[in-house]
Amino acid sequence: MATTAQWIEGARPRTLPNAIAPVLVGTGAAVSLDAGVWWKALLALIVSLALIVGVNFANDYSDGIRGTDDDRVGPLRLVGSKAASAGAVKRAAIGCFAVGAVAGLALAATSAWWLVIVGLVCIAGAWYYTGGSKPYGYSGFGEVAVFVFFGLVAVLGTQFVQAEQIDWAGVLAAVAVGSFSSAVLVANNLRDIPTDTESGKLTLAVRLGDTRTRYLHLVLLAVPFAMTVVLIARTPWALVGLLALPFAARANSPVRKGAHGFELIPALRDSGLAMLVWGASTGVALAFA
């Protein structure tokens, strides 16, 4: 039976910036329209956190029963390491999705009914990333899904449920956060190219190859700072987003220097940290626009 510490590690806390950053910047975008609602922001955060932890447990379950985690380089996987049963991890994933669904229903009831459909699509996207007979994460579409769900949907959804509208600043912020989120996954999949190739998991990194994947990571980390420059048109305080630049540079350093395996784990951590710093600083800047 897995210990509490193992369950926490299995939830992959390093990925939590992917859930927190979009809510921070989406709320800032809503406040910039004079429409911030604190309790809706809190519910949006619950939805986002529940989905990210749920997708992590779902991936652990699906990869574990397929055997793709048997030769794991990265952090602990509960099923692959046999620390927890596949059934227990599956139930944990479903429980997280249920929490997210309840919070999402509360937001839909006070905002727009069609958000229920968006929520169902998000949960389906989380499950079928590595689940089902033809998981799209095994076909190279993982980065696209992360960009859409934890970038566009998360940021613009947070802005919409509070302001009941979205604007160009919210869209730019969503593109930035989606790029950061994709960079985290690119770093993860770059690390796993050897084992994913062996197991037949055709991630985007496997398809692109080592060198082009490293270039992609750099491009994705550069996009948010281009968005920062454009956001100056909303408020000159958007420049505070450049505070994340040193973290982004540090995240790309091991990728740029040709690191492999465990040496790439700091790239995941620092890509997420750069996203969190950018989301928090830009969110505050937009709120004071």
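Presented here is an overview of the structure given in this document. (Residues numbered from 1 in each chain as written. Predicted model: local features only at pLDDT ≥ 70, side-chain atom pairs only at ≥ 80, totals over all residues. Heavy atoms only, no water.)

Bringing the packing of aromatic side chains into the picture now. Aromatic ring pairs are reported here in terms of the distance separating the ring centres and the angle at which the planes meet. A full pass over the atoms with the stated rule returns six aromatic pairs. Seen from their ring centres, Trp-114 and Phe-160 are 5.1 Å apart, and the 45 degrees between their planes marks the pair as tilted. With Trp-114 in the loop between helix H4 (86-109) and helix H5 (115-127) and Phe-160 in helix H6 (residues 142-163), this residue pair connects regions lying 46 residues apart in the sequence. The partly exposed category is assigned to Trp-114, whose relative accessible area is 37%. Among the aromatic residues, ring-to-ring pairing joins Phe-180, Phe-225 and Trp-278 into one connected group. (Phe/Tyr/Trp six-rings, centres within 6.5 Å; stacked < 30°, edge-to-face > 60°. Helix = DSSP H or I, 4+ residues; strand = E, 2+ residues; numbered from the N terminus. Buried < 20%, exposed > 50% of the residue type's maximum accessible area, 1.4 Å probe, protein only.)

Mapped onto the elements of the fold, Ala-244 is located in the loop between helix H10 (210-231) and helix H11 (245-256). For Ala-244, a relative accessible area of 0% translates into the label buried.

Inspection of the entire model under this criterion finds seven salt bridges. In this structure, Arg-77 and Asp-63 form a salt bridge, with 3.4 Å as the shortest nitrogen-oxygen distance. Of the two residues, Arg-77 sits in the loop between helix H3 (38-66) and H4 while Asp-63 sits in helix H3, which places them 14 residues apart along the sequence. Side by side, Arg-77 and Asp-63 carry an identical accessibility label, which is buried. (Salt bridge = Lys/Arg side-chain N within 4 Å of Asp/Glu carboxyl O.)

Taken N-terminus to C-terminus, the directions of helix H2 (residues 17-31) and H3 make an angle of 155 degrees; their axes are 8 Å apart at the nearest point. Taken together, the axis directions place H2 and H3 in an arrangement best described as roughly antiparallel. As for how H2 packs across H3, the hand of that crossing is right-handed. For the pair formed by H2 and H3, the contact residues are Asn-18, Ala-19, Ile-20, Pro-22, Val-23 and Thr-27 on the first element and Ala-41, Ala-44, Leu-45, Ser-48, Leu-49 and Ile-52 on the second. Classifying every residue of the contact of H2 with H3 by side-chain character gives nine nonpolar, three polar and no charged. (Axes fitted to C-alpha atoms, helices over the stretch in contact; angles between N-to-C directions. Parallel < 35°, antiparallel > 145°, perpendicular 65-115°, else oblique. Left-handed = near helix turned anticlockwise from the far one by under 90°. Contact = heavy atoms within 4.5 Å. Nonpolar A, V, L, I, M, F, W, Y, C, P; charged D, E, K, R; others polar.)

Look at H4: 34 Å from first C-alpha to last across 24 residues, which is about the 34 Å you get at 1.5 Å a residue. Taken residue by residue, H4 has Val-89, Ala-92, Ala-93, Cys-96, Phe-97, Gly-100, Ala-103, Leu-107 and Ala-108 as its buried positions. Looking at the packing, one finds that the buried side of H4 touches helix H1 (4-10), H3, H5 and H6. (Expected span 1.5 Å × (residues − 1).)

What follows covers the state of the cysteines. In this structure the tally under the stated criterion is zero disulfides. Considering cysteine sulfurs only, Cys-122 is the nearest to Cys-96, which forms no disulfide, with 15 Å between them. With a relative accessible area of 12%, Cys-122 lands in the buried category. (Disulfide = S-S within 2.5 Å.)

Quick look at the side chain of Arg-12 now. Locating Arg-12 in the fold gives a position in the loop between H1 and H2. Despite being buried, Arg-12 has no salt bridge partner; Asp-192 is the closest side chain of opposite charge, sitting 6.5 Å away. A polar side-chain atom of Arg-12 sits 3.2 Å from a polar atom in the side chain of Asn-188. (Lys, Arg positive; Asp, Glu negative; His and termini not counted. Polar contact = N/O pair within 3.5 Å; in protein donor to acceptor, adjacent residues only side chain to side chain.)

Turning next to H5. Taking 1.5 Å per residue as the helical rise, H5 with its 13 residues ought to reach 18 Å, and the 18 Å between its terminal C-alpha atoms agrees with that figure. Buried within H5 are the following residues: Leu-115, Cys-122, Gly-125 and Ala-126. One side of H5 carries all its buried residues, which in axial view fall inside an arc of 100 degrees. Turning to H5, the residues buried within the fold contact H3, H4 and H6. (Arc of directions from axis to C-beta.)

One can find Asn-56 in helix H3. We classify Asn-56 as buried; its relative accessible area is 4%. Looking at Asn-56, its side chain comes within polar contact range of the side chain of Thr-15, at 2.8 Å. Among residues more than four places away in sequence, those in contact with Asn-56 are Gly-10, Ala-11, Arg-12 and Thr-15.

Distances and angles like these do not, on their own, reveal function.
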